Amino acid sequence: MLEDDVASFIAGNVMMIAATRDGALRAHVGRGCGAYFDADTGELVLLVSSSQWPDFFANARKGGPIAMTVCQPDNYRALQIKGTIAGVDVATEVQSAKASDYRDRMLAIMDRLGVSRLQLSTVFSNVDLAAIRFWPVDLFIQTPGPEAGERVQRSQS
Amino acid sequence: MTGVPLEAIRDSFEGIMPSVIATTDASGIPNLSYLSHVYYVDSHHVALSNQFFSKTAANVAANGRATVVVLDGRMGLQHVLDLVFVSSSRSGPIFDRISAQLDVMASLQGKSHMLKLRAVDIYRVERCRRIDPVAPIETAPENPVVARDWLAEAAAATAELSAIADPETLLDRSLETLEERCGFRHSMILVADGEGRKLSTVASRGYPRYGFGAEIAFGDGIIGVAAERGLTLRIADMRRSQRYVSAVALAAGLNRDDIPMPAIEQVQCQIAVPLIASGRLSGVVFAESEESFAFSHAHEAALEIIARQIAAGLAIFELADAASDAAGRGVAPVSSADKGQAFSFQYFPRDGGVFIDNDYVIRGVPGRLLYHFVRSYVETGRAEFSNREIRRDRTFNLPDFKDNLETRLILLRRRLEERGGPIGIERPERGQIRLVIDGTPQIAVMEDA
């Protein structure tokens, strides 16, 4: 179970990258177009374009490992979540709407940071959207600095 | 083998957004990290800075592989690099360059040593492939601007500069040429003091004021680090910096208003190239822009070629001047009688600092030269001097012909001119210096500041 602040950080205005791996242990990267924590299932849901990131998607299989890093673009505050994929589905209409909303918000934020739509033209792709559900197992600080890579200590609940 | 040549995507290596590196551990669990830079080594290798990537490093140690995604800051295209680890290095040219770059970035963010480089990892690029855009949000123009032929521009610039016969013209024309041929609209040349301590602005272009005599300490900011380490440095996007730290060095112990550096507002991109000839640093050429990513690696290569021509030209002028006999003949006494209003001329032997009417003028060798001229004028009425006698006068501590004397005299003359009266310097002919004074200097030597 993710704590509320982590869950809201992941669902907030953050850039997101994720990695799966193939049988030869080569990592494959995809860029997410929105993510959220499903409190009912305890799973994280990552929305990602299956056609823009075919190698990443091809290796996103139930039971396989996944890592996702989310990063706030204005201050580089970042977290990495690792887990096991619980399922891969075609995104629902609601999830597609979430991705569109995410993309619009992020384009506006990045514009304010001086990054144009052209520069981001393939970053926030939401075509052929897939929803990758995974159970978060480990959480790490990923903000650049001496603490990068350290496991987040969770409070007792 | 690489599908896409690395040379074709070099602009992506310093992308508008950080690159991504992904690895897997021995049990196959992936790990992700952001990278500020991917460094091009050659057509088959890249270097990655190993600062905080402990998990990445452990994974690479386990299976030797990494996947990197880079994003082109101009066209929005992404590429994937499949990497195989080759070696890790804690020294050498690539390490030194990346280390210097990180040090400058850290100082701009006021976080010195936060980005201290531990090692540089060299990877062979097994494959470089383009991520074909699927329904891109925006598409690049059909006919992008044809890339400038930087080699031809550098060749034309050096051809022109090599034909110039005096150092002052070389300094000014160099900056004009950099704008005309390479688009460097804001630029300056700084001359080193010969002691490895500071650099002074001797020529500038594209600023509201010239700032002749403005100083930067070795090791301070992009210019000071470029000089200290003899390395070209480029910051493509200063938006990542939290604040712009002024690199003007302050002299310890003296309460003085230093000459402000020429500056533009909203600087986003900077480049500094050391001026080196025969293995000796004579200064730095520096350029900056309000546009991020204004200077690419191609600008950098062109500027390096032109900088070497400037450095060689300045060295040749110094050698020619030192070997010349055009000296010591025009000692023309003039009346030292009262020539108008008195003004104070304070001299600080400790650092060669000169103040006129309590305003800071200059220090170092140019300050010592100015004191010598003014004192001689007051004591003997002499107003004309020669490069040759200065070189023979050991009190200036000039290291034979490697003294940058001409450049320092240019700096002194320009500083006095920009400041405006009552003292000026003229160069009636090669190797000659004429002091022009409007008024009567009251010299005070300040032994203890």
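Coordinates for the structure precede this section.
Because the structure is predicted, anything quoted here is derived from the model rather than measured. (Residues numbered from 1 in each chain as written. Chains lettered and ligands numbered in written order. Predicted model: local features only at pLDDT ≥ 70, side-chain atom pairs only at ≥ 80, totals over all residues. Heavy atoms only, no water.)

Another aspect to go through is the overall build of chain A. Helix and strand counts for chain A stand at three helices and six strands. Secondary structure of chain A in N-to-C order comes out as α-β-β-β-α-β-β-α-β. A compact globule built from 157 residues would reach a C-alpha radius of gyration of about 15 Å, and chain A, at 15 Å, matches this within 12%. With respect to the principal axes defined by its C-alpha atoms, chain A has extents near 40 × 35 × 35 Å. (Helix = DSSP H or I, 4+ residues; strand = E, 2+ residues; numbered from the N terminus. Rg over C-alpha atoms; globule rule 2.2 N^0.38 Å.)

From N to C terminus, chain B includes nine helices and 20 strands. Relative to its 449 residues, chain B shows a buried fraction of 56%. Long-range contacts, defined as pairs at least 24 residues apart, comprise 69% of the intrachain contacts of chain B with a sequence gap of at least 6. Of the roughly 18,900 Å² of accessible surface on chain B, a fraction of 50% belongs to carbon and sulfur atoms. (Buried < 20%, exposed > 50% of the residue type's maximum accessible area, 1.4 Å probe, protein only. Contact = heavy atoms within 4.5 Å. Areas by Shrake-Rupley, 256 points an atom, 1.4 Å probe, with all protein chains shown as cover.)

Pairing between strand β15 (residues 353-356) of chain B and strand β16 (residues 359-362) of chain B: three bridges, direction antiparallel. Paired with Phe355 of chain B across the bridge in β16 of chain B is Tyr360 of chain B. (Pairing = 2+ DSSP bridges.)

Another point: the interface of chain A and chain B. Each partner contributes to the interface: chain A provides 47 residues, whereas chain B provides 49 residues. Each partner contributes to the roughly 3,900 Å² buried at the junction of chain A and chain B, and carbon and sulfur atoms together form 58% of this total. Area buried by chain A at its contact with chain B is led by Arg26, Leu118 and Gln119 of chain A, which between them contribute 19% of it. Inspection of the chain A/chain B interface yields three salt bridges. A salt bridge links Asp55 of chain A to Arg129 of chain B; the nearest nitrogen and oxygen atoms lie 3.0 Å apart. Run the count over chain A and chain B and you get 21 residue pairs in polar contact (both at pLDDT 80 or more). For the side of chain A that touches chain B, the per-class residue count stands at 27 nonpolar, 13 polar and seven charged. (Buried area = accessible area lost by both parts, 1.4 Å probe. Salt bridge = Lys/Arg side-chain N within 4 Å of Asp/Glu carboxyl O. Polar contact = N/O pair within 3.5 Å; in protein donor to acceptor, adjacent residues only side chain to side chain. Nonpolar A, V, L, I, M, F, W, Y, C, P; charged D, E, K, R; others polar.)

For the rest of this paragraph, the subject is the sheet that holds β15 of chain B. All names here are of chain B. Read from one edge of the open sheet, four strands run β16-β15-β14-β20, paired in mixed fashion. The two strands at the open ends of the sheet, each matched to only one other strand, are β16 and β20 (440-445). Mean inter-strand twist for the sheet, computed between neighbouring axes without regard to direction, equals 30°. Note that strand β14 (residues 342-348) and β20 share six bridges and pair parallel. Counted as the bridge partner of Gln346 is Ala444 from β20. Relative to β20, helix α7 (residues 365-380) is tilted by about 120°, and along the sheet it contacts β14, β15, β16 and β20. (Axes fitted to C-alpha atoms, helices over the stretch in contact; angles between N-to-C directions.)

Before going further, it helps to spend a moment on the side chain of Ser289 of chain B. All names here are of chain B. Of note, Ser289 is situated in strand β13 (residues 280-289). One polar contact links the side chain of Ser289 to the main-chain amide nitrogen of Glu291, over a distance of 2.9 Å. With sequence-adjacent residues up to four places away left out, Ser289 is seen in contact with Ile264, Gln266, Val267, Gln268, Cys269, Ala294 and Phe295.

The next subject is the pattern of salt bridges. Residue and element names in this part refer to chain B. The tally for this structure, following the rule as stated, stands at 33 salt bridges over all chains. Where Arg181 meets Glu153, a salt bridge forms, and the shortest distance between an N and an O atom there is 3.1 Å. With Arg181 in helix α4 (residues 167-182) and Glu153 in helix α3 (residues 150-162), the pair connects residues that are 28 residues apart, well separated along the chain. For Arg181, a relative accessible area of 28% translates into the label partly exposed. Judged by relative accessible area, Glu153 falls into the buried class, the value being 18%. Members of the salt-bridge network, linked through shared partners, are Glu168, Asp172, Arg413, Arg414 and Glu417.

All names here are of chain B. Note that Gly364 resides in the loop between β16 and α7. Given a relative accessible area of 10%, Gly364 falls into the buried group. As for Gly364 and Gly353, which are separated by eleven residues in sequence, their C-alpha atoms are 6.5 Å apart. Look past the residues within four positions of Gly364 in its chain and what remains in contact with it is Asp351 and Gly352.

Residues and elements named next belong to chain B. Mapped onto the elements of the fold, His186 is located in strand β8 (residues 186-192). Distance in space between the C-alpha atoms of His186 and Glu176 is 9.9 Å, their sequence separation being ten residues. When residues no more than four places from it in sequence are discounted, the contact partners of His186 are Arg205, Gly206, Tyr207, Ile264, Phe286, Ala287, Glu288 and Glu290. A distance of 2.5 Å separates a polar side-chain atom of His186 from the backbone oxygen of Gly206.

Everything listed here is a matter of coordinates, which is why it stays silent on function.
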